[in-house]
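Listed here are the chains, written in short residue letters.
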Amino acid sequence: MNKTFAIIKPDAVERGLAGKILALIEENGFKIKALRMARLTEPEAKGFYAVHEGKPFFEELVNFMTSGPCYVMCLEKDDAVAEWRKLMGATNPQHADAGTIRRTFAESTGRNCVHGSDADYTAQAELAYFFRTFETL
Ligand code: IDP
Ligand code: MG
């Protein structure tokens, strides 16, 4: 699939980094197919991160993701899922490669600026969670 789902998380929006991150997305050859600001509700955040329910960081994650507005996006590029995860960098910014968004901007494993789907089937599900089909064509 050539599309993936991405979030500029509340920490990055709050710190005024959204524009820089959008520029990096475009400079790295992604086309932004859909984009809107959203303030996730608690049920939306819990549903989105249902795979992490029961993990020690789940409550912190839901509190963080509902703490302020974020940008939800559909990104297009060949091999979009892998390419976006490469540009994001590792979950823990201290382990992320130089030049990645998380290494450059993120404060911690929790407040790590961006989300990206981890497989084509999760990208499809996550895109459908936030967008109508016609919005991401
Ligand atoms: P990913 O975002 O790189 O795919 P996941 O393991 O899917 O990483 O975790 C989802 C999100 O949960 C992370 O991006 C991060 O915000 C948060 N998270 C993951 N592990 C931890 C942790 O150990 N402490 C605090 N937050 C965490
Ligand atoms: Mg993940």
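Cut-offs and rules
- Per-chain numbering applies: the sequence of each chain, read as written, is numbered from 1 onward.
- Chains carry letters and ligands carry numbers; both start at the beginning, A for chains and 1 for ligands, and go up in the order they are written.
- Only residues with pLDDT of at least 70 are given local features in this predicted model, and only at 80 or more are side-chain atom pairs given and counted; all residues enter the totals for whole chains, interfaces and linings.
- To obtain the side-chain values, all non-hydrogen atoms of the structure were included, while hydrogens and water were left out.
- What makes a residue near a molecule or strand is one non-hydrogen atom of that residue sitting within 4 Å of it.
- As used in this structure description, the phrase polar contact means that two N or O atoms lie within 3.5 Å; if the pair is within protein, one of them must be able to donate a hydrogen and the other to accept it, and residues adjacent in sequence are counted only when both atoms belong to side chains.
- Each accessible area is a Shrake-Rupley estimate made with a 1.4 Å probe; only the visible protein chains count as cover when residues are assessed.
- Put simply, Ala, Val, Leu, Ile, Met, Phe, Trp, Tyr, Cys and Pro go in the nonpolar bin, Asp, Glu, Lys and Arg in the charged bin, and everything else, Gly too, in the polar bin.
- Of the two site types, the cavity is a set of points on a 1 Å grid over the protein atoms alone where a 1.4 Å probe fits but cannot get out, and the pocket is an open set with protein on both sides within 12 Å along at least five of seven lines, each lined by residues with an atom within 4 Å of a point.
- Grid points are joined across faces, edges and corners, and a volume is the space filled by probe spheres set on the points.
- Each helix is a run of H or I in the DSSP string that is no shorter than four residues. Each strand is a run of E no shorter than two, and both are numbered from the N terminus.
- Whether two residues are in contact is decided by their heavy atoms, any of which lying within 4.5 Å being enough.
- Whether two strands pair comes down to DSSP finding at least two bridges between them.
- A fitted line through C-alpha atoms represents every axis, and for helices the fit uses only the stretch in contact; the resulting angles, taken between N-to-C directions, go from 0 to 180 degrees.
- What we call a nonpolar core is a set of buried Ala, Val, Leu, Ile, Met, Phe, Trp, Tyr and Cys residues that are connected through their side-chain atoms within 4.5 Å.
- Note on classification: 1.4 Å probe, protein chains only; a residue is buried when its accessible area is under 20% of the maximum for its type, exposed when over 50%, partly exposed between these limits.

Asker: Help me out: how do you make sense of the site of ligand 1 in this one?
Answerer: Around ligand 1, the structure places Lys9, Tyr49, His52, Phe57, Glu60, Leu61, Arg85, Thr91, Arg102, Thr109, Gly110 and Asn112. Within the side chain of His52, a nitrogen or oxygen atom sits 2.9 Å from an oxygen atom of ligand 1. Against a free-state accessible area of 520 Å², the protein chains account for coverage of 76% of ligand 1. Residue composition of the shell around ligand 1, by class: three nonpolar, five polar and four charged.

Asker: How should the layout of surface pockets be read in this particular structure?
Answerer: Taking a probe equal in size to a water molecule and rolling it over the atoms shows the remaining empty space. Its volume calculated, the largest pocket comes out at about 610 Å³. Forming the walls of the largest pocket are 26 residues, and the residues nearest its centre are Lys9, Tyr49, His52, Leu61 and His115. Counting only elements with at least two residues in the lining of the largest pocket, the list comes to helix H3 (42–48), helix H4 (58–65), helix H5 (80–88), strand E4 (114–116) and helix H7 (120–130). For the lining of the largest pocket, the element with the highest residue contribution is H7, accounting for four residues.

Asker: I keep staring at the environment of Cys74 and nothing clicks. Help me out?
Answerer: Tracing the backbone shows Cys74 in strand E3 (residues 70–76). Sequence spacing of Cys74 and Phe134 is 60 residues, and the spatial spacing of their C-alpha atoms is 12 Å. Not counting residues up to four positions away in its chain, the partners in contact with Cys74 are Lys3, Thr4, Lys31, Ile32, Lys33, Ala34, Leu127, Phe131 and Thr136.

Asker: Just to check I follow, could you spell out the sheet that holds E4 for this structure?
Answerer: Consider a sheet: its strands pair through backbone hydrogen bonds, and that pairing is either parallel or antiparallel. Overall, antiparallel pairing links the four strands, which are arranged E2-E3-E1-E4 in an open sheet. One side of each edge strand has no neighbouring strand; the edge strands of this open sheet are strand E2 (31–38) and E4. Each neighbouring strand pair of the sheet contributes to a mean axis angle of 20 degrees, computed without reference to strand direction. On top of the sheet, helix H2 (residues 18–27) reaches strand E1 (3–8), E2, E3 and E4; it is set at about 5 degrees to E3, its chief contact.

Asker: Where do I start with the side chain of Asn112 in this structure?
Answerer: The topology assignment puts Asn112 in the loop between helix H6 (101–105) and E4. Polar contacts involving the side chain of Asn112 include one to the side chain of Lys9, which spans 2.8 Å. Aside from chain neighbours lying at most four places away, what touches Asn112 is Lys9, Asp11, Thr91, Arg102 and Ala106.

Asker: Whenever I open this one, the environment of Asp120 confuses me. Can you help?
Answerer: Take Asp120: it is sitting in helix H7. As for Asp120 and Gly29, which are separated by 91 residues in sequence, their C-alpha atoms are 19 Å apart. Apart from residues lying up to four places away in sequence, Asp120 is in contact with Met1 and Val81. Only 3.1 Å separates the side chain of Asp120 from the backbone nitrogen of Met1, close enough to count as a polar contact.

Asker: Which parts of the structure should I look at to understand the nonpolar core?
Answerer: The tendency in soluble globular proteins is for nonpolar side chains to be buried as a group. Ile8, Ile21, Ile25 and Trp84 are the most contacted members of the largest nonpolar core, which totals 21 residues. Looking at this core, the elements with two or more residues in it are E1, helix H1 (10–14), H2, E3, H5 and H6. With four residues, H2 is the single largest residue contributor to this core. Excluding anything up to four places from it in sequence, Ile8 contacts Val13, Ala18, Ile21, Leu22, Cys70, Tyr71, Met73, Cys113 and Val114. The next biggest cluster of nonpolar side chains, apart from the first, holds 19 residues, and it includes Ala45, Val62, Met65 and Val72.

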